[in-house]
Amino acid sequence: VQANYLQDQWTTVNGAYAEMPGLPGSTEQIITPSDYERDLPKSLEATAPSVPGYELERESVWGEFGFRIMIDQILGEEVGVDAADGWGGDYYAQWFDGQNAALLILFEGDTDRDTEELRAALLDYALTAVAEEDYAWVEVLDDGRLAFIAADQPEVGESILASVSG
């Protein structure tokens, strides 16, 4: 809205709402206003695997903004912006057993290079932010999607990995 307002105040803002009355399709379109209505998010088909003893707390989209915040907090803003910039789409699932948590994020970049940039950043993130006794996994799967898995219990992380890579 701000970028449109700066063009010619409310005329462009009103025009944007008339052209596309819905909300932007992703945080990417808010971060980069020129992507609005142009760079639509990819829909990743995924089903949360069953994690014995854990309850699925939520499934959603992490989004470009989510990756920026996550990476910025540990590796700095410059790394976060560069790594998340090629966001194409994602899916995440989060589980909790009352004491321990597990997280799966599946990501697809706009290009293979974008996927590789985020893979490298998430690997650095995992090495820095995830405790040594916990579980973290970063891998590009055979289908080209990037998987990030973090879990308090290594056997739970391994179970999630087996279900998404098999």
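Rules of the game
- Residues numbered from 1 in each chain as written.
- Predicted model: local features only at pLDDT ≥ 70, side-chain atom pairs only at ≥ 80, totals over all residues.
- Heavy atoms only, no water.
- Core = buried A, V, L, I, M, F, W, Y, C linked by side-chain atoms within 4.5 Å.
- Buried < 20%, exposed > 50% of the residue type's maximum accessible area, 1.4 Å probe, protein only.
- Contact = heavy atoms within 4.5 Å.
- Pairing = 2+ DSSP bridges.
- Helix = DSSP H or I, 4+ residues; strand = E, 2+ residues; numbered from the N terminus.
- Axes fitted to C-alpha atoms, helices over the stretch in contact; angles between N-to-C directions.
- Phe/Tyr/Trp six-rings, centres within 6.5 Å; stacked < 30°, edge-to-face > 60°.
- Polar contact = N/O pair within 3.5 Å; in protein donor to acceptor, adjacent residues only side chain to side chain.

(A) Spatial organisation of the nonpolar core. By size, the foremost hydrophobic cluster in this structure holds 20 residues, and its most contacted members are Phe-67, Ile-105, Leu-118, Leu-122 and Phe-148. Ignoring anything within four residues of it in the chain, the contact list for Leu-122 reads Phe-67, Met-70, Ile-71, Val-138, Leu-146 and Phe-148. Tyr-54, Leu-106, Ala-147 and Ile-160 belong to the second-largest nonpolar core, a separate cluster that totals 19 residues.

(B) Broad picture of the sheet that holds strand 1 (residues 55-60). As summarised here, the arrangement of the 5 strands in space is 1-2-3-5-4, forming an open sheet in which the pairing is antiparallel. The open sheet has two free edges, formed respectively by strand 1 and strand 4 (135-140), since each of these has just one partner strand. For this sheet the average axis-to-axis angle between neighbouring strands, irrespective of direction, equals 10 degrees. Bridging between strand 1 and strand 2 (residues 87-96) involves 5 bridges; their strand directions are antiparallel. What sits directly across from Glu-55, in strand 2, is Phe-96.

(C) Seen up close, the packing of aromatic side chains. One pass over the full model with this rule turns up 5 aromatic pairs. The interplanar angle of 85 degrees and the centroid separation of 4.8 Å between the aromatic rings of Trp-62 and Tyr-92 together place this pair among those described as edge-to-face. Remark: Tyr-92 occurs in strand 2 and Trp-62 occurs in the loop between strand 1 and helix 4 (63-75); sequence separation between them is 30 residues. These aromatic residues form a ring-pair network of at least three members: Trp-62, Phe-67, Tyr-92 and Phe-107.

(D) Spotlight on the environment of Arg-58. Positionally, Arg-58 belongs in strand 1. There is a polar contact of 2.9 Å between the side chain of Arg-58 and the side chain of Gln-94.

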